[in-house]
Amino acid sequence: MATYQEIRQMWADIGMDLEKHDEFLNSFPMVFKEILLSQQNRPQKMNYFSNVVKTVHGQRPYELYEFKQKGGKIFGTYCVYVPDEVLCALGAVTTGLCGGDEFWVPGGESVLPRNTCALIKSSLGSRLDRTSPFCQLADMYIGETTCDGKKKAWEILSQYKPMHIMDLPQMKRDQDVRRFAAEIWDLVKIAEDITGNKLTAENLSRSIRLINDKRRALQRLHSTRQASPVPISGKDALTVTQVAFYDDIQRFIDNTNVLCDELEERIARHEGVAPADAPRILVTGSPMALPNWKVHHLVESSGGAVVCEEMCTGTRYFENLVDETPTDLDGQILAIASRYMKTNCACFTTNSGRVDDIIRLVQDYRVDGVIDYALQFCGLYSIESHLVKAALQDRGIPFMHLETDYSPADSEQLQVRIQAFLEML
Ligand code: SF4
Ligand code: SF4
């Protein structure tokens, strides 16, 4: 474990704004304690994940800092369509860079219109303010052509760091999958140049299995939430998924499986974190980057239990595995492209697969009501809400749409609406 002095020296070495970063650090423990640590009857094995979050700008960045000093390369990513498999196979580390904190929003607004979603503003703000060690440590950022806000944000970000943008198809026909495979090949060439390593069928096969293992661990964790009473809060399950974007992969797998052992023992004892009759909620929509626990906290402090997230910080991150059977690079890259193109982001047209996913998850997780969450100014998820609502109403599944941002300003008003929704269930 690095000492505080060593970590502070690292922050200075990688060019962070220490004064501004101290302001961030001063506000973070309060949110963390109030929202995560204050929960009753938390699984004991959540301690590992709490510690990762508590030291999120310290211990993990320090590991990456040491990795870089030995010549390692780091790729910062903003979307679940970036295939970690190829970067990991080349010996690089990937780390999520999406901002989930209100602290960074003003920094983003210094270059972006206010009517941009909080995730984009926060992500850019953390880089412009120089208050995220992950942004500072990355050798390259990888963006993608998903929503308009992100596409334009990459042009600004590229002024600060080498940036590669993957052209994500907007439809899911066979030719689109093949086109995405070609995009992955382009990424391979760039990453080979940066890392100095060569992609082989052997190193890619190992990395496909490793990242599938991460998905399998998350699948196991989330399946425990199908139990009633639910053995882990939505806030804690969301935190584990958020940590998956940053942590060392094997250590994350090991700790997630240890947590699952504890949760499965809880299920055997019929022990839960909420009463068995608490309304079970599925949250769907825009992603919730660390430390955005706002909606989960409002639901759970109003007596509901969040049992599933159909979002990129939820099922979309871990549901589909890459086929492990191809043994040559062409077959492996096509298998990776096929897996990623199964992810149902609202940037695709048509995107009926997402509605099918929500309906399936409602059944699997015995959901009483769906909260459809869109970040303000997220056109993709706000517009798609119309179709989600119609499909759920047709099946008699209670539905509530809400739009919000990272600020606590609307929390009271949202809590009133959420309480009314839960009472109706
Ligand atoms: S919601 Fe779409 S754009 Fe955002 S992280 Fe997920 S896949 Fe990427
Ligand atoms: S939440 Fe919506 S607007 Fe924001 S980055 Fe994701 S898809 Fe784009």
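Up top is the structure these notes are about.
Heads up: these notes are all about the structure in this document. (Residues numbered from 1 in each chain as written. Chains lettered and ligands numbered in written order. Predicted model: local features only at pLDDT ≥ 70, side-chain atom pairs only at ≥ 80, totals over all residues.)

### Things to note about the sheet that holds strand β3 (residues 140-144)
- Overall, parallel pairing links the four strands, which are arranged β2-β1-β3-β4 in an open sheet. Edge positions in the open sheet fall to β2 (93-96) and β4 (163-166), since each of these has one partner strand only. Mean inter-strand twist for the sheet, computed between neighbouring axes without regard to direction, equals 30 degrees.
- Examined bridge by bridge, strand β1 (residues 74-77) and β2 share four bridges and lie parallel to one another. Within β2, the position partnered with Phe-75 by the bridge is Thr-94. (Pairing = 2+ DSSP bridges. Helix = DSSP H or I, 4+ residues; strand = E, 2+ residues; numbered from the N terminus. Axes fitted to C-alpha atoms, helices over the stretch in contact; angles between N-to-C directions.)

### Remarks on the site of ligand 1
- Near ligand 1 the following residues occur: Cys-79, Val-80, Tyr-81, Thr-146, Cys-147, Pro-287, Cys-312, Cys-345 and Cys-347.
- Residues of the shell around ligand 1, tallied by class, amount to eight nonpolar, one polar and no charged. (Near = placed C-beta within 6 Å. Nonpolar A, V, L, I, M, F, W, Y, C, P; charged D, E, K, R; others polar.)

### Some remarks on the nonpolar core
- Formed by 125 residues in total, the largest nonpolar core has its most connected members in Ile-281, Leu-282 and Val-307.
- Here the element with the most residues in this core is helix α11 (residues 201-223); it accounts for six residues.
- Apart from the residues within four sequence positions on either side, Val-307 is in contact with Arg-225, Val-230, Gly-234, Arg-280, Ile-281, Leu-282, Tyr-365 and Val-367. (Core = buried A, V, L, I, M, F, W, Y, C linked by C-beta atoms within 7 Å. Buried ≥ 20, exposed ≤ 12 C-beta atoms within 10 Å, placed from the backbone. Contact = placed C-beta atoms within 7 Å.)

### Points about helix α10 (residues 174-195)
- Relative to the 32 Å expected for 22 residues at 1.5 Å per residue, α10 spans 31 Å between its end C-alpha atoms, a close match to the ideal helical length.
- Of all the residues in α10, the buried ones are Phe-180, Glu-183, Val-188 and Ala-191. Down the axis, α10 shows its buried residues gathered within 160 degrees of arc, on one side only. Away from the buried face of α10 by more than 90 degrees, exposed residues Asp-174, Gln-175, Ala-182, Asp-186, Lys-189 and Asp-193 are located.
- In this structure, the buried residues of α10 make contact with α5 (84-89), β4 and α16 (329-340).
- Looking one or two places after α10, you find Gly-196, whose phi comes out positive at around 75 degrees. (Expected span 1.5 Å × (residues − 1). Arc of directions from axis to C-beta.)

### Topic: the pairing of strand β8 (residues 399-404)
- Judged from the six bridges that link them, strand β7 (residues 369-375) and β8 form a sheet pairing that is parallel. Along β8, the bridge assignment pairs Asp-372 with His-401.
- Between the parallel pair β7 and β8, the chain is carried across by helix α18 (residues 379-394), and the sense of this crossover is right-handed. (Right-handed = clockwise from strand over helix to strand, strands pointing away.)

### Description of the site of ligand 2
- Every residue near ligand 2 is listed here: Cys-117, Leu-119, Ile-120, Thr-146, Cys-147, Gly-149, Lys-150, Ser-286, Leu-375, Cys-378, Leu-380 and Tyr-381.
- Among the secondary structure elements, those contributing two or more residues to the shell around ligand 2 are α7 (118-128), α9 (148-157) and α18.
- Looking at the shell around ligand 2 residue by residue, the class counts come to eight nonpolar, three polar and one charged.

### What to know about the sheet that holds β7
- Read from one edge to the other, the open sheet built from four strands follows the order β6-β5-β7-β8, with strand pairing classed as parallel. Taken across any chain shown, the strands that pair with only one partner, and hence form the sheet edges, are β6 (305-310) and β8. Looking at each pair of strands side by side, their axes are set apart by 25 degrees on average, direction ignored.

### Considerations on the environment of Gly-353
- By the secondary structure assignment, Gly-353 is in helix α17 (residues 352-364).
- Along the backbone, Gly-353 and Lys-342 are eleven residues apart, and their C-alpha atoms lie at a distance of 8.5 Å.

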